[in-house]
Amino acid sequence: MAVAEAQLYAKVSNKPRGRSPSALLEPLLAKGFPAHLAQKALVATGQKTVEDAVKWLHSHCNDPSLDDPIPQEYALYLCPRGRLHSRLQDFWRESKRQCGKNRAHEVFPHVTLCDFFTCEDQKVELLYDILKKVGDSFSQSFPPSISLTLHASPSYLGFFIDDSQANVLKDFAVAFSSEASALADCHVKPSLKQFHLTLAHRFYPHHQKTLEQLAKCINPGEPCQWVAALYSRDMRFVHYQRLRALFQYKPQNIDELMINAGDLIYVDPRQQSEAGEGWVIGTSHRTGCRGFLPENYTERAHESDTWVKHREYVFDTASRSFTKTEKEPNVKPNGEAHNLSMSGSVTNVLPLQNAALRRGLLVMRHGERVDQVFGKSWLQQCLTADGKYYRADLNFPSSLPRQKDSMKQFECDPPLSCCGIFQSSLIGEALLDQEVTVSYVYSSPALRCVQTAQHVLQGLKLNQKVRIRVEPGLFEWTKWEASRAIPKFMTVAELVEASYDIDTSYRGNFPLSSLVPSESYEDYVSRSSAVIKQIISACPCKGRGVILIVGHGSSLAPLTRALTGLPSRDSRDFAQMVQKIPALGMCFCEEQKEENKWQMVNPPVKTLTHGANTAFNWRNTIMED
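Residues numbered from 1 in each chain as written. Predicted model: local features only at pLDDT ≥ 70, side-chain atom pairs only at ≥ 80, totals over all residues. Heavy atoms only, no water.

Q: Before we move on, can you summarise the sheet that holds strand β14 (residues 360-365) with the specific residues and values?
A: Spatially, β16-β15-β17-β14-β18-β19 is the arrangement adopted by the six strands of the open sheet, whose pairing is mixed. Each having just a single partner strand, β16 (468-470) and β19 (597-601) make up the two edges of the open sheet. Here the strands of the sheet are splayed against their neighbours by 25° on average, with no regard to which way each runs. Bridge analysis of β14 against strand β18 (residues 586-592) gives five bridges, and the strand direction is antiparallel. In the sheet register, Gly 360 faces β18, and the bridge partner there is Glu 590. (Pairing = 2+ DSSP bridges. Helix = DSSP H or I, 4+ residues; strand = E, 2+ residues; numbered from the N terminus. Axes fitted to C-alpha atoms, helices over the stretch in contact; angles between N-to-C directions.)

Below, the structure is given as C-alpha cells:
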C-alpha cells in the first residue's frame, strides 16, 4: 500500500458512527447491504435515490477497493445560473477552439467558497443541513447582484469580485466552515483571498490577446442567479488524468478493462511503464476495476466530469428557497451541472465566432503502410522464385507501380496496404460529406503519402481536378530511417506513368538532395517550419479553400505548431507523442485573417478507429488438436 493511502486509512479507521439511518439508508439495509457499503454508495451518487445507490453497488461488485474506508473530498462553490452562465459556457467553448485547452477548462465556471475537505460518509447529511442553515441566515444579506471586473495577466484571466460583496461571501464561507467543523467534525478552510471567477489559467502568453478579446465579449452584468453548491470527488485520484471512453471495449485478456462508451477512466501518468504502445492502465470510475485498455478508444475528459453534485442553496431574492439537487432534471448523472439556460443549439455565441470565410490547413498522416502489418520483410513474402510480385494476403496491394530500378526499392519506400487505401478513400468521402473544399494538395515524396493523397482526392471526387504537389521537404525526420540513408523515391515521371495525379509543373522548396540522413531534431523542426511557411505563401486564399498536406506521424506537430506560433515539442517526448498518432491522424488549422495568425481547431471529420485482424490458418486452427 502506498504511504499516502496508508495515511488515509489511519485517519478514517475506528471513527465513531454518527446519526441514525436516513430515509435512503434504511431501504438499502433492508435489502441486505452492509451499512458501510450502503453509506458509501449513497455518497458516491449524491444521495439522490435508492435506485442510484443500488445500481452503483452492483456496478462495483468487483471493485477491489469497495471496503476501503477512504472518504470523499468535498468543496463548496458559488456558481452562476442564467444568461451569465450561458455566456461563460460560450467563452469556454470558443477559447478552447481558438487557443486550445487550458487549466480553467477542467472545471465549470465557479467561485471557490471552501476548498476541498474530507467528511466521513455517515456525516455527509449534516453538511446538507449546515448548507441550508447558513444559507437561510445569509439570504437577506446576500448581494442582489455581484459586480465582476475583468483582470488579465500573462498566465491568468478572470473576473474579480467587488470587495464589499466579496466580504459577504467570505462571511458565508466562514460560517459554513465553523458549522461544519463543529457539527460534522470536518476541517474546512474557507477561501479568504481575492474572490474571483477564473476564465483562463496557465495558457501560452501569446494567446493572452485573443483570450482577452473573447472575455470582453462577456457582459458581466447579464442577469444571473447565484447558487452555493456542494460537490465531492474521489480523493485517491486527485492527481490522475481523466479519459472518456468513445467506444465499448470487451477484454481479450484477464488483465484488460471492460469499458462502455461514455465511461470515465482514471489514469496515472506515472504508472504507465507496464503498458505497451497504444495502451494505458486505468481505473474505471463506473466499476472501480483496474486494467489495460486501448488508448485510441478514449479522449481526454475534464477533471470535474467525475465529480458528484450533492446539494445546493439558491440565493433567490424573490423566493429565498433551498432546492435539493435530486429533484432537478438539470444535473448530469456524473454530477456536472448542465448549462441551465441554453437551448439545444446556440445561434448567437460570440462576435468573434462568425461565418467569415477562412483558409484552412489540414495536415494528416498517411494510411496504413504494408510493412506496418507484414514487417520489414514483406516484399520477400510476395516475390516468386523468378522475382515477380504476387498477392500473398488480401491486405497486400493488388499490384505495385512500375519502377525503373529494382522492386527492392519498395522495401525502403513501402506502399499502402489495401486497408490503407480504403482508409484514405473513407477520409476523402467524409471530407466530401462535410463539404470541405480542398484547393491545394501537398505530399511527402514517400509513396505511401502520395497514394494517400491520391485516394483522399478520389473520395473527394477531385482526382484530375486538383493535382498533388510532391514536396521533398515534407519527408519525415530522417533520423528515423532504418537504412540510415534517404530512400530512393519514385520520380515524378514514374508517378505520372502509374496514373497518379501529379502536378508536374511544381518545383519543391527543398530538393531531394537537401535531405540529410540522421538529421538533428532541431534541423528537422527548422525544415518543417520553413516548408510550411513557403507552402502557405504559395497558396493564396480562395474563399474557404483548404490546403491538404499528407505527411508522416512526425509531421503533424512541427508543421502545425510552427504555423500557430507554438514552441516546438521537447525532443525527449517527441517520439512518444508520434507513437500515439494513428494512420490518417490529422490536425486542422484555421486562418484568423483579421488578426494575421492561425489557430488550431477541431478537424472537419471524425477520427477513424478500427481493430486488428490477425492472419488466420484454418488448417492449424481447426484441424489440429
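Q: Can you tell me about the environment of Leu 127, naming the residues and giving the values?
A: When you line up the elements, Leu 127 lands in helix α6 (residues 124-138). Leave out the neighbours within four places in its chain, and Leu 127 touches Tyr 74, Phe 117, Cys 119, Phe 176, Ala 180, Ala 184, Cys 186 and Leu 230. (Contact = heavy atoms within 4.5 Å.)

Q: Please give an account of unusual backbone geometry that cites residues and values.
A: With phi around 60°, Glu 435 is a residue other than glycine that occupies positive phi space. Structurally, Glu 435 can be placed in the loop between α10 (418-433) and β15 (438-443). Look at Glu 435 and you get exposed, because its relative accessible area is 70%. Residue Lys 461 is not a glycine yet carries a positive backbone phi of 60°. Structurally, Lys 461 can be placed in the loop between α11 (447-459) and β16. Lys 461 sits in the exposed class, given a relative accessible area of 57%. (Buried < 20%, exposed > 50% of the residue type's maximum accessible area, 1.4 Å probe, protein only.)

Q: How would you summarise the confidence of the model for the protein if you had to cite specific residues and measurements?
A: Chain-level pLDDT for the protein is 86 on average; 88% of the residues reach the 70-or-more range. Here residues 1-20 is modelled with pLDDT under 50, and outside its nearest four sequence neighbours on either side it reaches 22 contacts, counting other chains as well. Counted against residues more than four places away or in other chains, residues 318-356, with its pLDDT under 50, gives 79 contacts. (pLDDT = per-residue confidence, 0-100.)

Q: Provide a residue-level description of the packing of helix α5 (residues 83-99) against helix α8 (residues 208-215), including the pertinent values.
A: In contact at an axis separation of 10 Å, α5 and α8 are set at 155° when each is read in the N-to-C sense. One finds that α5 runs roughly antiparallel with respect to α8. Where α5 crosses over α8, the handedness of that crossing is right-handed. Taken together, the residues of α8 that come into contact with α5 (itself represented by Phe 91, Glu 94, Ser 95, Gln 98 and Cys 99) are Thr 210, Leu 211, Leu 214 and Ala 215. Here the contact of α5 with α8 is composed, by residue class, of five nonpolar, three polar and one charged. (Parallel < 35°, antiparallel > 145°, perpendicular 65-115°, else oblique. Left-handed = near helix turned anticlockwise from the far one by under 90°. Nonpolar A, V, L, I, M, F, W, Y, C, P; charged D, E, K, R; others polar.)

Q: I'd like a description of the packing of aromatic side chains, backed by residues and values.
A: Enumeration over the complete set of coordinates arrives at 31 aromatic pairs. Geometrically, the ring pair formed by Tyr 77 and Phe 108 is edge-to-face, given 6.1 Å between the ring centres and 70° between the ring planes. One end of the pair, Tyr 77, is in strand β1 (residues 72-81); the other, Phe 108, is in the loop between α5 and β2 (111-119), and 31 residues separate them in sequence. Relative accessible area serves as the criterion here: at 5%, Tyr 77 is assigned to the buried category. On the accessibility criterion, Phe 108 (8% relative accessible area) is buried. Connected via pairs of aromatic rings, a cluster forms that spans Tyr 77, Phe 108, Phe 116, Tyr 231 and Trp 307. Between Arg 233 and the ring centre of Phe 116, over which it is positioned, the NZ or CZ distance is 3.6 Å. Between Arg 311 and the ring centre of Tyr 128, over which it is positioned, the NZ or CZ distance is 4.2 Å. (Phe/Tyr/Trp six-rings, centres within 6.5 Å; stacked < 30°, edge-to-face > 60°. Lys NZ or Arg CZ within 6 Å of the ring centre and 35° of its normal.)

Q: Which residues make up the packing of helix α13 (residues 521-538) against helix α14 (residues 556-564), and what values do they have?
A: Running from N to C, α13 and α14 point in directions that differ by 60°, and their axes come no closer than 8 Å. As the angle between them shows, α13 and α14 are arranged oblique. You can see that α13 and α14 cross each other, and the crossing is right-handed. Residue-level inspection shows Tyr 524, Ser 528, Ser 529, Val 531, Ile 532 and Ile 536 of α13 in contact with α14, the latter providing Pro 558, Leu 559, Ala 562 and Leu 563. The residue inventory of the contact of α13 with α14, partitioned by class, reads eight nonpolar, two polar and no charged.

Q: Could you give an account of the side chain of Ser 95, naming the residues involved and the relevant values?
A: Tracing the sequence through the fold places Ser 95 in helix α5. Given a relative accessible area of 0%, Ser 95 falls into the buried group. Within the local environment of Ser 95, its side chain forms a polar contact with the backbone oxygen of Trp 92, the two atoms lying 3.1 Å apart. A polar contact is formed between the side chain of Ser 95 and the side chain of His 105, at a distance of 3.0 Å. (Polar contact = N/O pair within 3.5 Å; in protein donor to acceptor, adjacent residues only side chain to side chain.)

Q: Residues and numbers for the state of the cysteines, please.
A: Scanning the entire structure with this criterion turns up zero disulfides. As a non-bridged cysteine, Cys 589 has Cys 587 as the owner of its nearest cysteine sulfur, 7.0 Å distant. (Disulfide = S-S within 2.5 Å.)

Q: Describe the sheet that holds strand β8 (residues 264-267), naming the residues involved and giving the relevant values.
A: Overall, antiparallel pairing links the five strands, which are arranged β10-β9-β8-β7-β11 in an open sheet. The open sheet has two free edges, formed respectively by β10 (290-294) and β11 (298-300), since each of these has just one partner strand. Going across the sheet, the axis of each strand differs from the next one's by a mean of 45°, ignoring polarity. Where β8 lies against strand β9 (residues 279-284), two bridges are found, and the strand directions are antiparallel. Along β9, the bridge assignment pairs Ile 265 with Ser 284.

Q: Describe the pairing of strand β6 (residues 225-234), with residues and values.
A: Judged by how many residues are buried, β6 sits mostly within the fold: nine of ten residues are covered. Taken together, the ten bridges between β1 and β6 define a ladder with antiparallel strand orientation. By the bridge assignment for β6, Leu 78 is matched with Ala 228.

Q: Give a description of the pattern of salt bridges that names residues and reports values.
A: Applying the stated criterion across every chain yields a total of 30 salt bridges. Residue Glu 106 pairs with Lys 101 through a salt bridge whose shortest N-O separation is 3.2 Å. By relative accessible area, Glu 106 is classed as buried at 13%. Of the charged contacts, one joins Asp 234 and Arg 236 as a salt bridge, the two residues approaching to 2.8 Å between their closest N and O atoms. Beyond isolated ion pairs, a larger network of salt bridges with shared partners links Glu 73, Arg 103, Arg 233 and Glu 303. (Salt bridge = Lys/Arg side-chain N within 4 Å of Asp/Glu carboxyl O.)

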